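# Descriptive structure summary
The chain contents come next:
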Amino acid sequence: MPRQLGELAAHVGGELLGDPAQLIHGLNGLEEAGPGDVSFYGNPRYRRQFEATRASAVLVGADVPPREGVALVRVANPHLAYAKLLRLFHPPERPAAGVRPGAWVHPEATVHPEAVLLPGASVDRGGRVGARTVLYPGAYVGEQAEVGEDCVLYPNVTVRERCIVGARVILHASSVVGADGFGFAFNPEGEAGPEHFKIPQVGIVRIEDDVEVGACTCIDRATVGETVVGRGAKLDNLVQVAHNVRVGPLSLICAQAGVSGSAEIGTGVVLAGQVGVVGHIRVGDLAKVGAQSGVAHDVEDGQVVSGSPAVPHREWLRASAAAGQMADLLKDVRALKRRVETLEKEKGQ
């Protein structure tokens, strides 16, 4: 349904420079947008696309000057405003409440009447599913596990026994909450010879409210106690969180990152793609770790680190720049060495 531009500007709390009655049919990127579309411009590197866009309106920051032929909506955060408009135009769809034929609920489980279980979903003995939560085909809630209100468990999600999932949590396809932690003790005298003796993993995972977990991500249950993912944290696809890890509120862990056992990730931390964190260390509040870094020691609050082993980001930049000059430096050193050897021979004569 088209909406008036004035309505959209009010929805995001923006200042409109243009016709409030103009009809908007949808949203698109700067290059793809055409008449009737809204786009956003929040990064100077896209200035050329902004100047060439055919969009009817663009969400911009406060310092962007007017542009002829394009309405502007000035907001504090264009990216956030764009996200709010996307949700307005594309509200999430929720199937009608009820347990569909083909879903399975143990007689001793509790499923709220407003919850949705699609065919192939299952809730085991003692499991609990909150109001308005949706379980897609193949989703499994294990014995004594709890899933709160307004959650979405996409196909083939597993929440294993006794684990706790808060409210408004999204678990994407094939993610696993509560797999056994990777714990083994070497036993040189096993019944059939030396063995890796499995340490029972008897703890749980507790996921707090407003967390989102990407596809094929694994959050392992604690050996004892809890593995915790804090409120509002977001985990990307293919992330590994090991046993007894604590991920702080509002932290972001990007694709293919891994956090080893008993590590602590503070509040508002960013771990970029393919970061590895060793066990039993702390990454401090608001710290940022660059892509493909290996974190082997504690990171202080607010620190930005990169590299493997991770060091302060500026040091890593200098080292990376120097690495590109190594061949020339080596050539110069060899030339100096030959010169010194020549001078020593001449001196000896």
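Worth saying up front: this structure is predicted, and the values here are computed from it rather than measured.

## A look at the domain arrangement of the chain
Splitting the chain by domain gives domain 1 (3-89), domain 2 (99-305) and domain 3 (313-348). Domain 2 and domain 3 are separated by 50 Å when their C-alpha centres are compared.

## Re the sheet that holds strand β19 (residues 164-165)
Strand order in the open sheet made by the nine strands is β10-β13-β16-β19-β24-β27-β30-β33-β36, with parallel pairing throughout. In this open sheet, the two strands that pair with only one neighbour each are β10 (110-111) and β36 (282-283). Where strand β16 (residues 146-147) and β19 come together, two bridges link them in parallel fashion. By the bridge assignment for β19, E146 is matched with I164.

## With respect to the UniProt feature "active site" (unreviewed entry) in the chain
Sequence positions flagged by UniProt for "active site" (unreviewed entry) are, in local numbering, H243. For H243, the position within the fold is in the loop between β29 (240-241) and β30 (246-247). We classify H243 as buried; its relative accessible area is 16%. Once you skip the residues sitting within four places of it in the chain, H243 turns out to touch G181, F182, G183, Q201, D220, R221, A222, T223, T227, G261 and S262.

## A short note on the pattern of salt bridges
Scanning the model with the defined rule gives 17 salt bridges in all. We note a salt bridge from R160 to E161, for which the minimum N-O separation is 2.8 Å. Given the relative accessible area of 28%, E161 is considered partly exposed. One salt bridge in this structure joins D180 and K198, with 3.1 Å as the shortest N-O distance. Residue D180 is located in the loop between β21 (176-179) and β22 (184-187), and its partner K198 is located in strand β23 (residues 195-198); the two are separated by 18 residues in the primary sequence. The exposure class assigned to D180 is partly exposed, which follows from its relative accessible area of 29%. Each member of the salt-bridge network shares a partner with another, and the members are R160, E161, D180, K198 and R221.

Conventions used here
- Residues numbered from 1 in each chain as written.
- Predicted model: local features only at pLDDT ≥ 70, side-chain atom pairs only at ≥ 80, totals over all residues.
- Heavy atoms only, no water.
- Domains from an automatic or database assignment.
- Pairing = 2+ DSSP bridges.
- Helix = DSSP H or I, 4+ residues; strand = E, 2+ residues; numbered from the N terminus.
- UniProt positions renumbered as here; feature names shortened; annotations may be inferred.
- Buried < 20%, exposed > 50% of the residue type's maximum accessible area, 1.4 Å probe, protein only.
- Contact = heavy atoms within 4.5 Å.
- Salt bridge = Lys/Arg side-chain N within 4 Å of Asp/Glu carboxyl O.

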